[in-house]
Amino acid sequence: MPDPVALRPLIRDLHAAVVDLQARPIPPAWGRLLVLLALLAAGGIGFWQLQAWPLRLAAALLVALAETLLLIASHEACHGTLLGKQRLELVLAALISWPMAWPLLTYRLLHRLHHRWNGCDRRDPERIQVQQPGCWWRLVLAGGAGLILRTLQEALRLQAQQPALRRALLLDGLGIVLVQALFLALAIQHGHLLAYALCWLVVERVAGALLQLRGAIEHWHLWDPQPHPLLTQLYGSRTVAVPDWLNGWLGGLPHHSAHHAFPAIATGRLPQATACLQAVLRAHGYPPLPLSQGYGDAVKQLG
């Protein structure tokens, strides 16, 4: 194992390579949010107004796609990189998440532990315990319900390490109950309870499967402790080569190594951060970051 003192020039150069990217103000992602909210509204209105079930299913799938990308945006809100105004973006993220029973405030605290423990502490609340070939399908089939249940289980397990989880669980619980009660009351009032339940189920299945797959891609087979915490984050996360426009819609998550090492970097700057970090590692004789050439290749790497 390299001497920690010998690693100082590398760690210094890695920080220096992205210091400017972290120092700049966060560019608010209002345009992306408004487009996604418009798609969500269009899908919801279409689902209630259209009579043919094939068209209603298409509308529900549009809702699922918009909700998936909005939940990814809520991840940025957890880091304060969505709008650059943390309180405002957390409120918006909670309002986006509670209709799907997603405990955003609880997840935010667990996600902080994930960034601290990824690759080095098996208490990591987002660590996938079983990573045998083919097992990732179980995560996809678990969908949104599996994500929600796992988040609640981890929150209860880790309350001693993070006492603020108790308050977050309470706030999420109240928010989810109130929002769901409102939606259920409206559905019952208009005689659409079954339709509402079916739409919710479609979104839970589709959005949950996509988010589970995304999570598996980011860390599957990459539990790789390194001699320095920064290197552990870089090599314990996978980068997916995608066009910059797709990186934007996916909230910077394709550049997961750079995000894990420097979570304060805004989404649009992560591709540049990845290139800078790769150059530094190469100059110091270190291997490149874990990389997939697109999401098709990433799925193949899951085994």
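Coordinates for the structure precede this section.
Residues numbered from 1 in each chain as written. Predicted model: local features only at pLDDT ≥ 70, side-chain atom pairs only at ≥ 80, totals over all residues. Heavy atoms only, no water.

Here's the deal with the overall build of the protein chain
Argument step 1. Within the protein chain, the secondary structure is distributed over 13 helices and 2 strands.
Argument step 2. Radius of gyration (C-alpha) of the protein chain: 20 Å, near the 19 Å computed for a compact globule of 303 residues.
Argument step 3. Seen through its C-alpha atoms, the protein chain measures out along the principal axes to roughly 70 × 40 × 40 Å.
Argument step 4. Expressed as a percentage of the 303 residues in the protein chain, the buried residues total 50%.
Argument step 5. Partitioning the intrachain contacts of the protein chain with sequence separation of at least 6 by distance along the chain shows that 72% fall at a separation of at least 24.
Argument step 6. Total accessible area on the protein chain stands at roughly 14,500 Å², and carbon and sulfur atoms take up 68% of it.
Argument step 7. Side chains of the protein chain carry 24 positive and 16 negative charges; the gap between the two charge centres is 3 Å. (Helix = DSSP H or I, 4+ residues; strand = E, 2+ residues; numbered from the N terminus. Rg over C-alpha atoms; globule rule 2.2 N^0.38 Å. Buried < 20%, exposed > 50% of the residue type's maximum accessible area, 1.4 Å probe, protein only. Contact = heavy atoms within 4.5 Å. Areas by Shrake-Rupley, 256 points an atom, 1.4 Å probe, with all protein chains shown as cover. Lys, Arg positive; Asp, Glu negative; His and termini not counted. Charge placed at Lys NZ, Arg CZ, Asp CG, Glu CD.)

Considering the pattern of salt bridges
Argument step 1. The final tally for this structure, using the stated rule, is 7 salt bridges.
Argument step 2. Between aspartate 13 and arginine 12 there is a salt bridge, with the nearest N and O atoms lying 3.3 Å from each other.
Argument step 3. The exposure class assigned to arginine 12 is exposed, which follows from its relative accessible area of 54%. (Salt bridge = Lys/Arg side-chain N within 4 Å of Asp/Glu carboxyl O.)

Some details on the layout of surface pockets
Argument step 1. The space that makes up the largest pocket amounts to roughly 560 Å³.
Argument step 2. Around the largest pocket sit 19 residues that line it, and Gly44, Trp48, Phe183, Tyr196 and Cys199 are the ones nearest its centre.
Argument step 3. Listed by contribution, the elements that provide at least two residues to the lining of the largest pocket are helix 2 (30–49), helix 3 (53–79), helix 4 (86–97), helix 7 (164–189) and helix 8 (193–219). (1 Å grid on protein atoms, 1.4 Å probe; cavity = no way out; pocket = protein on both sides within 12 Å on 5 of 7 lines; lining within 4 Å. Points joined across faces, edges and corners; volume = space filled by probe spheres on them.)

Structural notes on unusual backbone geometry
Argument step 1. At alanine 101, a position not held by glycine, the phi torsion is positive, near 60 degrees.
Argument step 2. Checked against the element boundaries, alanine 101 lands in the loop between helix 4 and helix 5 (104–117).

What to know about helix 5
Argument step 1. Its 14 residues give helix 5 an end-to-end C-alpha distance of 20 Å, which sits within 8% of 20 Å, the value for a rise of 1.5 Å per residue.
Argument step 2. Helix 5 sits mainly inside the fold: 12 of its 14 residues count as buried.
Argument step 3. Here helix 5 has its buried residues at Leu104, Leu105, Thr106, Tyr107, Arg108, Leu109, Leu110, His111, Leu113, His114, His115 and Trp117. (Expected span 1.5 Å × (residues − 1).)

Describing the packing of helix 3 against helix 4
Argument step 1. Relative to each other, helix 3 and helix 4 sit at 150 degrees, their axes nearing to 9 Å. Relative to helix 4, the element helix 3 is oriented roughly antiparallel. As for how helix 3 packs across helix 4, the hand of that crossing is left-handed. Note on element contacts: helix 4 touches helix 3 through Gln86, Glu89, Leu90, Ala93, Ile96 and Ser97, opposite Glu67, Leu70, Leu71, Ser74, Glu76, Ala77, Cys78 and His79. (Axes fitted to C-alpha atoms, helices over the stretch in contact; angles between N-to-C directions. Parallel < 35°, antiparallel > 145°, perpendicular 65-115°, else oblique. Left-handed = near helix turned anticlockwise from the far one by under 90°.)

Regarding the environment of glycine 173
Argument step 1. Assignment of secondary structure puts glycine 173 in helix 7.
Argument step 2. The spacing of glycine 173 and arginine 32 is 141 residues in sequence and 28 Å in space, taken between C-alpha atoms.

Structural notes on the state of the cysteines
A covalent bond between the sulfur atoms of two cysteines is what we call a disulfide.
Argument step 1. Counted under the stated rule, the structure contains 0 disulfides.
Argument step 2. Free cysteine: cysteine 78, not disulfide-bonded; nearest cysteine sulfur from cysteine 120 at 20 Å.
Argument step 3. Owing to a relative accessible area of 8%, cysteine 78 belongs among the buried residues under this scheme. (Disulfide = S-S within 2.5 Å.)

Read these as geometric descriptors, not functional statements.
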